[in-house]
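# Close look at the chain arrangement
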Amino acid sequence: MLSQRQDAILREVVRIFTDTGQPVGSKTLMNQLPFHVSSATIRNEMAVLEEVGYLEKTHLSSGRIPSAMGYRYYLDHLVQPTSVPQDIAQRIDEDFGKTYHQIGDIIEQSAKILSHLTSYTAITLGPESSTIRLTGFRIVPLNSHQLMAIIVTSDNNVENNIYTIDDDFDSSLIEKIVNIVNDKLVGQPLPKVIKMLHTDVPAILSDYMYSTDGLLDMMDTLFKKAGSEKYYVDGQLNLLNYANNDDLSQVQSLFSLMNQSTDLRKLLDPSISDDAIKVRLGSELGSDALKNYSIITASYDVGHHGKGVIALLGPTTMHYSQLIGLLGEFRVELAKRLIDYYSRYDDS
């Protein structure tokens, strides 16, 4: 651990470098520190911080900048989240202020709001689907070769797919199939529904059909779609604002990352089980393309409906105190919107 004076110096170096993007010298620090010490004393303390790996010297200046280790120490011990200004809080309220008919619409809107507020890349993950129940199932013939399967879930989500059927498909079986699904599966959580499609349901359907493979595959795809996580990214192009354009390989890697949403999704995995707001630096993200970036993640809780995650991906030089404060307030507002949405359907 550092001394109180060294803590104060490192905190100020991070703050000034974040604000200006310029290396910080002892004379600048002498005018910013909350106590009076000589420039020589500050230089000595900065030398110690450099020796232990928390500051580093650039080739172009006598000043110092925070190292990756310095940022890690700052985030673990020194960062102090700030309150969200009233005008920003009002803007969040206004941007959320509309009627939502699908849970995914709220999650998608939250990513847009965060990205627009910060000019960074926002990633949002909806609550887990383990408690969502199947509430309705229909099959609607469209013509002699197509039918539409429709399901409704307890969060008022509606999913449908259109399927092409063989000439020998017996359309008179549709009503029987719908009745079986509604009798056996409606009211069950989606994970159990998907499991029963591979255990109980085939045996029942085999009494009416010679082969059930195509039908079961159709329903399995639809139910998995309804049970899949609601995951959105907004502001992907903002990543390029902080890339080194002289490093063509990094720019190409960032383009590849932006086009692979599953790669961005993996950045959230360690955060879902923890209520703390976390910051992981580039060296901790497992991607060379993100070596100069950091991700701030915060989980939110909507009671028995589960937990989700919101995140901001931006440069290592982000204003952490402001953004940690923002995510802390934003997750409360998002959870409130989701709870209000769920309350409309919990009693139905």
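Before any of the text, the structure's been laid out above.
This write-up is about the structure you can find in this document. All values reported here derive from a predicted model rather than from experimental measurement.

### Looking at the environment of His36
- Checked against the element boundaries, His36 lands in the loop between helix H2 (26-30) and helix H3 (39-51).
- His36 gets classed as exposed once you look at its relative accessible area, which sits at 72%.
- Each C-alpha atom of the pair His36 and Leu2 lies 19 Å from the other, and the pair is 34 residues apart in sequence.

### Regarding the sheet that holds strand E5 (residues 146-153)
- With antiparallel pairing, 3 strands are arranged side by side in an open sheet as E4-E5-E6. Each edge of the sheet is formed by a strand with only one pairing partner; in this case those strands are strand E4 (134-143) and strand E6 (158-164). Strand-to-strand twist of the sheet, defined as the mean angle between neighbouring strand axes without regard to direction, takes the value 15°.
- Here E5 pairs with E6 via 7 bridges, running antiparallel. When the bridges of E6 are listed, Ala149 appears paired with Asn161.
- Strand contacts of helix H7 (residues 174-184): E4 and E5, with the helix running at about 170° to E4, the strand carrying the most contacts.

### A closer look at the nonpolar core
- Membership of the largest hydrophobic core comes to 56 residues, with the highest contact counts inside it found for Leu10, Tyr320 and Leu338.
- Ranked by residues supplied to this core, first place goes to helix H13 (residues 320-346) with 11 residues.
- The two domains that each donate at least three residues to this core are domain 1 (4-78) and domain 2 (86-130 + 230-347).
- If we ignore the near neighbours within four places in the chain, the residues touching Leu10 are Leu2, Leu49, Tyr54, Leu55, Gly70, Tyr73 and Leu78.

### Observations regarding the pattern of salt bridges
- Scanning all chains against the criterion turns up 10 salt bridges.
- For Arg5, the salt bridge identified is with Glu45, shortest N-O distance 2.8 Å. Pair noted here: Arg5 is in helix H1 (residues 4-20) and Glu45 is in helix H3, with a separation of 40 residues, a long-range link.
- What makes Glu45 buried here is its relative accessible area of 10%.
- Notably, a salt bridge pairs Arg72 with Asp76, separated by 3.2 Å at the nearest N-O pair. A residue pair is termed a helical-turn pair when its members lie 3 or 4 positions apart in one helix, as Arg72 and Asp76 do in helix H4 (residues 68-78) at 4 residues.
- Residues joined by salt bridges that share partners form a network here, namely Asp93, Glu333, Lys336 and Arg337.

Criteria and cut-off values
Residues numbered from 1 in each chain as written. Predicted model: local features only at pLDDT ≥ 70, side-chain atom pairs only at ≥ 80, totals over all residues. Heavy atoms only, no water. Helix = DSSP H or I, 4+ residues; strand = E, 2+ residues; numbered from the N terminus. Buried < 20%, exposed > 50% of the residue type's maximum accessible area, 1.4 Å probe, protein only. Pairing = 2+ DSSP bridges. Axes fitted to C-alpha atoms, helices over the stretch in contact; angles between N-to-C directions. Contact = heavy atoms within 4.5 Å. Core = buried A, V, L, I, M, F, W, Y, C linked by side-chain atoms within 4.5 Å. Domains from an automatic or database assignment. Salt bridge = Lys/Arg side-chain N within 4 Å of Asp/Glu carboxyl O.

Shape descriptors only; they carry no functional weight alone.
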